[in-house]
Amino acid sequence: AGADAGAGAGARVPRRDASLKELVSSFAEEHGLLFQPKAGRLEGGHQVYSLGGVSVTLDTRHERVEAWIGGRWAPASLNQIL
């Protein structure tokens, strides 16, 4: 047990991956926005989500959110998406 407790398949996902998704989810909830994955939609290997009607991806490796704005994918802050 000890330091290895909880290790396994789920431990392969870096903690910050969940943290970015949790951050966006909390932001959506605080602002009354729906945040959900778009089934079968990927962009650059990332799941596409709907965040208040705006398509977004979560780039956990670079810790950024990209949004489909003005006909292209671009880095965006959560406040810009509002």
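Residues numbered from 1 in each chain as written. Predicted model: local features only at pLDDT ≥ 70, side-chain atom pairs only at ≥ 80, totals over all residues. Heavy atoms only, no water.

1. Observations concerning the overall build of the chain
The helix and strand inventory of the chain stands at two helices and five strands. Secondary structure elements in the chain, listed N-terminal to C-terminal, are α-β-β-β-β-β-α. Buried residues in the chain amount to 28% of all 82 residues. Taking all contacts inside the chain whose residues are at least 6 apart in sequence as the whole, residues at least 24 apart take part in 27%. Of the roughly 5,700 Å² of accessible surface on the chain, a fraction of 48% belongs to carbon and sulfur atoms. (Helix = DSSP H or I, 4+ residues; strand = E, 2+ residues; numbered from the N terminus. Buried < 20%, exposed > 50% of the residue type's maximum accessible area, 1.4 Å probe, protein only. Contact = heavy atoms within 4.5 Å. Areas by Shrake-Rupley, 256 points an atom, 1.4 Å probe, with all protein chains shown as cover.)

2. Comments concerning the sheet that holds strand β1 (residues 35-43)
Pairing within the open sheet is antiparallel, and its five strands lie in the order β1-β2-β3-β4-β5. The open sheet is flanked by β1 and β5 (72-75), the only strands paired with a single partner. Taken pair by pair, the neighbouring strands of this sheet meet at an average axis angle of 35 degrees, ignoring direction. Across four bridges, the pairing between strand β4 (residues 64-69) and β5 is antiparallel. When the sheet's bridge partners are listed, Glu66 is paired in β5 with Pro75. (Pairing = 2+ DSSP bridges. Axes fitted to C-alpha atoms, helices over the stretch in contact; angles between N-to-C directions.)

3. Re the pairing of strand β3 (residues 54-59)
Most of β3 is tucked away: five of the six residues are buried. Between strand β2 (residues 46-51) and β3, which follow one another and run antiparallel, lie two residues, and Gly52 among them has a positive phi close to 60 degrees. Inspection of the sheet shows β3 paired to β4 by four bridges, in the antiparallel sense. Within β4, the residue paired with Val56 across the bridge is Ala67. What sits between the antiparallel neighbours β3 and β4 is a turn of four residues, in which Glu63 has the positive phi angle 50 degrees.

4. Considering the confidence of the model for the chain
Confidence in the prediction for the chain averages 84 pLDDT; 78% of positions are at 70 or higher. This stretch, residues 1-17, has a pLDDT under 50; its non-local contacts, to residues over four places away or in other chains, come to five contacts. (pLDDT = per-residue confidence, 0-100.)

5. A look at the packing of aromatic side chains
To describe a pair of aromatic rings, one takes the distance between the centres and the angle between the planes. Applying the stated criterion across every chain, the model contains two aromatic pairs. When the centroid spacing of 4.8 Å and the interplanar angle of 20 degrees are considered together, the rings of Phe35 and Tyr49 count as stacked. Placement of the pair is Phe35 in strand β1 and Tyr49 in strand β2, with a sequence separation of 14 residues. Using a relative accessible area of 16% as the deciding quantity, one classes Phe35 as buried. Judged by relative accessible area, Tyr49 falls into the buried class, the value being 11%. (Phe/Tyr/Trp six-rings, centres within 6.5 Å; stacked < 30°, edge-to-face > 60°.)

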